[in-house]
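Fold and contact review
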Amino acid sequence: MNRLVRAFGGPTGLIGGAIVVLVIAMALLAPAISPFDPDAVALDRQLTPPDLLHWFGTDQSGRDILSRVIWGARPSLEIGIGSVLVSILFGLPLGLVAGFNQGSWVEQVIMRTLDAVAAIPTLIWAIAVVGILGVGVSQLGPLAIGNQTKVTILLGLLYIPGLARIIYVATLVEAQADYVAARRLQGVPGWKILFSDVLPNTLSPVIVHATLQIAVGIILEAAISFVGLGVQPPAASWGNMLAASRNFVFSGEWWLSVFPGLFISITVIGFNLMGDGIRDVLDPRRKLTMAPA
Amino acid sequence: MLGFFLHRLGFSILAVLMISLILFVLTAAIPESPARIVLGADAPEVQVQQFEHEHGLDRPLLVRYGEWVDRLALHGDFGTSVVTGLGMNEQIAETLPVTLELVIVAFVFAVVLSIALGTASAVFENSWIDHASRIFTVIGVSVPGFWTALILILFFAIRIPIFPPGGITPVSEGLGPHIMSLVLPAFCLGIFYTAVLSRMTRSSLIEVLGQDYIRTARATGLPRSLVLRYALKNAMVPVVTVTSMSFGYMFGWALIIETVFNIAGMSGSLLNAISQRDYATVRAVVFVFTLIFLLANLAADLLNAWLNPRLRTVQA
């Protein structure tokens with residue numbers, strides 16, 4: 001147990017890790033653990049408050065809110081994690097190459113372009129671009145791209161500058177290290193040093209950043225779905241459940257808004273605590289990485 | 001400092017040009033032609049071509065971009081929407097002040113409260129105040145503001161009707177009601193940044209308080225409050241940058257908060273334009289937001305360089 005606590009950077013990190021594991025398990029096991037079909041309409045059970053049959057109550061179509069919250073974890077996590085993977089796919093090589101070619105035009109071109117992209121406000125652009133592309137399925141040649149994939153890729157692209165800069169800074173430091181000079185003297189080609197020696201040493205801050213960025217992504221997904229441009233109904237997502245609950249706040253049906261928001265909050269707390277914990281373990285010098293979103 | 005300023009300004013102008021080009025392509029080349037939106041999907045091709053010709057939509061994209069930049073840069077004019085026939089400047093002039101007021105109130109709230117919380121937390125490190133404020137920061141950065149908004153409306157506008165459940169009461173109906181209608185939206189918008197900034201203030205101040213010169217100052221018998229004032233001044237250097245950037249970020253979240261509270265700000269302009277497929281207005285609104293965001297970042301850089309003279313030479 002003590003070793004487990006230490007691996008997560010302390011008890012709060014462990015709590016965060018446990019929350020993350022539980023939420024991921026809930027999403028994966030949704031078909032087995034959800035008590036009802038999340039999309040099953042029951043017109044005789046509309047807007048019933050929480051009771052023994054429907055623990056979280058039912059919505060305006062009589063759908064079971066607990067089941068929808070369980071299934072709604074899937075798009076939240078898929079977008080949160082997927083967008084970070086997209087940003088790593090592009091941001092990692094860009095940051096590495098820029099950092100390893102310090103002083104050259106390659107570094108200048110990559111970093112100045114990324115600086116310009118970093119000047120794009122994420123949320124507004126995500127909303128506007130999805131609005132322009134439309135929430136339906138877009139055809140890109142032979143590929144049919146659904147709205148959830150669109151949001152994932154879009155957020156991933158907008159994350160690239162932040163991630164690339166972290167790798168860039170880490171690579172700058174590593175490129176000055178004696179072991180890189182030694183490898184060069186051995187006649188090892190630059191790209192090989194970069195990927196087999198430098199890359200592994202830059203991963204710590206990337207892992208920390210990625211974990212915290214997943215938390216940001218989950219909130220962004222909820223916000224984009226909240227204005228109707230994310231996951232489309234009838235499919236359940238935490239954000240679109242909150243959007244649908246808006247009309248019922250005024251008539252006092254609190255359970256429609258309380259439970260989806262509670263799950264977003266707990267999940268995001270989980271990723272934030274876990275990210276902070278991992279940072280304490282992997283990267284103890286950097287205490288101030290949290291940036292506004 | 002002047003060299004640094006010009007360097008940053010030059011970069012910002014380049015960034016505006018590059019981003020506005022991307023924005024123009026996204027809003028002018030990708031979606032369907034405004035002619036099809038105005039005339040209907042079944043309109044005959046001849047009619048569509050005539051409409052496009054009349055409105056200059058059949059010219060090359062770069063020419064239209066150049067014209068857009070030219071009109072905007074020289075006259076500050078976004079033009080008239082082909083789809084709605086409304087002037088975009090009027091629309092922005094009507095909704096931007098609403099959003100601006102909300103963001104400024106939320107920003108002041110966040111800055112004042114975060115300095116107080118962060119300082120108390122650092123001075124009384126590991127006391128109950130510190131623990132409580134650290135729990136608050138974790139919750140504050142994790143709970144989405146628009147959910148807090150729904151919950152607060154439920155309790156403090158519906159169950160116990162202290163605040164209006166939505167909209168901003170105009171000042172003409174009295175300053176009191178106007179302020180009351182701003183409380184919940186500004187709180188929900190500002191709380192995330194209160195958490196982020198108080199956390200930064202705390203860790204930065206703890207670091208400064210541990211420095212030798214502070215210990216020396218204390219040893220010479222300077223009053224505690226004076227020492228704290230010196231320490232706080234130095235501790236705020238890294239915080240100021242993020243604070244300034246937060247101002248830009250807040251506009252994005254203001255969109256969502258405005259939606260929850262039915263506030264007739266820029267969010268309405270953007271979301272209406274999206275649902276009416278009025279992409280010229282989408283472009284105008286997104287451009288305004290991006291410009292504010294860029295200016296906030298520029299201010300952050302300049303403040304940082306002003307407070308931290310070493311950076312001027314390193315970066316310039």
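Since we're looking at a predicted model, the values are computed, not measured.

1. Focus: the interface of chain B and chain A
Facing the 53 residues of chain B at the interface are 48 residues of chain A. Of all residues in chain B, B:W147, B:L150 and B:W253 bury the most surface against chain A, accounting for 13% of the area lost on that side. Seen at the junction of chain B and chain A, the total is 1 salt bridge. On inspection of chain B and its partner chain A, the count reaches 6 residue pairs in polar contact (both at pLDDT 80 or more). Those elements that provide at least two residues to the side of chain B that touches chain A are α1 (2-28), α6 (128-142), α7 (145-159), α8 (175-209), α10 (224-260), α11 (266-275) and α12 (279-307) of chain B. Here the element with the most residues in the side of chain B that touches chain A is α10(B); it accounts for 10 residues. Of the residues that constitute the side of chain B that touches chain A, the class distribution is 42 nonpolar, 9 polar and 2 charged.

2. A short note on the UniProt feature "domain: ABC transmembrane type-1" (unreviewed entry) in chain A
On the UniProt side, "domain: ABC transmembrane type-1" (unreviewed entry) is annotated at positions that read residues 73-275 of chain A here. Each end of residues 73-275 of chain A is marked by a C-alpha atom, and these two atoms are 19 Å apart; helix forms 79% of the span and strand 3%.

3. Quick look at the layout of surface pockets
For the second largest pocket, the calculated volume is near 840 Å³. Forming the walls of the second largest pocket are 33 residues, and the residues nearest its centre are A:D276, A:D280, B:R134, B:R199 and B:R202. Of all the secondary-structure elements, those providing two or more residues to the lining of the second largest pocket are α2 (11-28) and α11 (255-282) of chain A together with α5 (88-123), α6 and α8 of chain B.

4. Overview of the UniProt feature "transmembrane region" (unreviewed entry) in chain B
When the UniProt feature table is mapped onto this chain, "transmembrane region" (unreviewed entry) is found at residues 9-30, 102-124, 136-158, 178-197, 239-264 and 284-307 of chain B. Span residues 102-124 of chain B is 96% helix and 0% strand, its end C-alpha atoms 33 Å apart.

5. Describing the UniProt feature "transmembrane region" (unreviewed entry) in chain A
Residue and element names in this part refer to chain A. The UniProt entry lists residues 12-33, 79-101, 113-133, 153-173, 206-231 and 254-275 under the feature "transmembrane region" (unreviewed entry), expressed in the numbering used here. Span residues 79-101 is 96% helix and 0% strand, its end C-alpha atoms 33 Å apart. Helix makes up 95% of residues 254-275 and strand makes up 0%, while its end C-alpha atoms are separated by 32 Å.

6. So, the pattern of salt bridges
Taken as a whole and assessed by the stated rule, the structure comprises 13 salt bridges over all chains. With a closest N to O distance of 3.0 Å, A:R63 and A:D59 form a salt bridge. Close ionic contact of B:R202 with B:D130 constitutes a salt bridge, the shortest N to O distance being 2.8 Å. Of this pair, B:R202 sits in helix α8 while B:D130 sits in helix α6; the two residues are 72 residues apart in sequence, bridging distant segments of the chain. Pair check on accessibility: B:R202 and B:D130 agree, each one buried. Here the salt bridges do not stand alone but share partners, grouping A:D39, A:D59, A:R63 and A:R68 into one network.

7. Observations regarding the UniProt feature "domain: ABC transmembrane type-1" (unreviewed entry) in chain B
The feature "domain: ABC transmembrane type-1" (unreviewed entry), as annotated in UniProt, sits at residues 96-300 of chain B in this numbering. Counting secondary structure, residues 96-300 of chain B comes out at 83% helix and 0% strand; the distance between its end C-alpha atoms is 22 Å.

8. Some details on α7(B)
Here α7(B) contains 15 residues, and its C-alpha end-to-end distance of 20 Å stays within 8% of the 21 Å for a straight helix at 1.5 Å per residue. For α7(B), a buried count of 11 out of 15 residues is recorded, marking the element as mostly surrounded by other parts of the structure. Of all the positions in α7(B), only B:G145, B:F146, B:W147, B:T148, B:A149, B:L150, B:I151, B:L152, B:I153, B:L154 and B:A157 are classed as buried. In this structure, the buried residues of α7(B) make contact with α9 (190-226), α10 (238-249) and α11 of chain A together with α8 and α10 of chain B.

9. So, the nonpolar core
Side chains of a nonpolar character, in soluble globular proteins, are inclined to be buried together. Counting residues in each nonpolar core, the largest one holds 145 residues, and the members touching the most others are A:I127 and B:W253. Looking at this core, the element that brings in the most residues is α10(B), giving 17 residues. Excluding residues that lie within four positions of it along the chain, A:I127 makes contacts with A:I224, A:V227, A:L229, B:L255, B:I256, B:L270, B:L271 and B:I274. Of all hydrophobic cores here, the second largest spans 12 residues; its members include A:L96, A:I167, A:V188 and A:L199.

Procedures and definitions
Every chain begins its residue count from 1, and numbering advances along the sequence as written. Each chain is given a letter, starting from A, and each ligand a number, starting from 1, according to the order in which they appear as written. Since the coordinates come from a predicted model, pLDDT governs what is reported: local features require at least 70, and pairs of side-chain atoms require 80 or more to be given and counted, while whole-chain, interface and lining totals use all residues. Side-chain figures throughout are based on the complete set of non-hydrogen atoms in the structure, without hydrogens or water. It only takes one pair of heavy atoms within 4.5 Å for two residues to be counted as in contact. Note on definitions: buried area is the accessible-area loss of two parts on being combined, 1.4 Å probe, summed for both. Salt-bridge detection follows one rule: a side-chain nitrogen of Lys or Arg within 4 Å of a carboxyl oxygen of Asp or Glu. Under this definition, polar contacts are N or O atom pairs within 3.5 Å; protein pairs additionally need one hydrogen-donor-capable and one acceptor-capable atom, and for neighbouring residues in sequence, both atoms have to be side-chain atoms. Here a strand is any run of E in DSSP of at least two residues, a helix any run of H or I of at least four, and the numbering for each starts at the N terminus. Each residue gets one label: Ala, Val, Leu, Ile, Met, Phe, Trp, Tyr, Cys and Pro are nonpolar, Asp, Glu, Lys and Arg are charged, and the others, such as Gly, are polar. UniProt positions are given in the numbering used here, feature names are shortened, and annotations may be inferred rather than shown by experiment. Two kinds of site are reported from a 1 Å grid over the protein atoms alone, namely cavities, where a 1.4 Å probe fits but cannot get out, and pockets, open sets with protein on both sides within 12 Å along at least five of seven lines, and residues are called lining when an atom falls within 4 Å of a point. Grid points are joined across faces, edges and corners, and a volume is the space filled by probe spheres set on the points. Type-normalised accessible area, obtained with a 1.4 Å probe on protein chains alone, sets the label of each residue: buried when under 20%, exposed when over 50%, and partly exposed for intermediate values. What a helix is expected to span follows from its residue count: subtract one and scale by 1.5 Å. Among buried residues, the Ala, Val, Leu, Ile, Met, Phe, Trp, Tyr and Cys ones that are joined through side-chain atoms within 4.5 Å form a nonpolar core.

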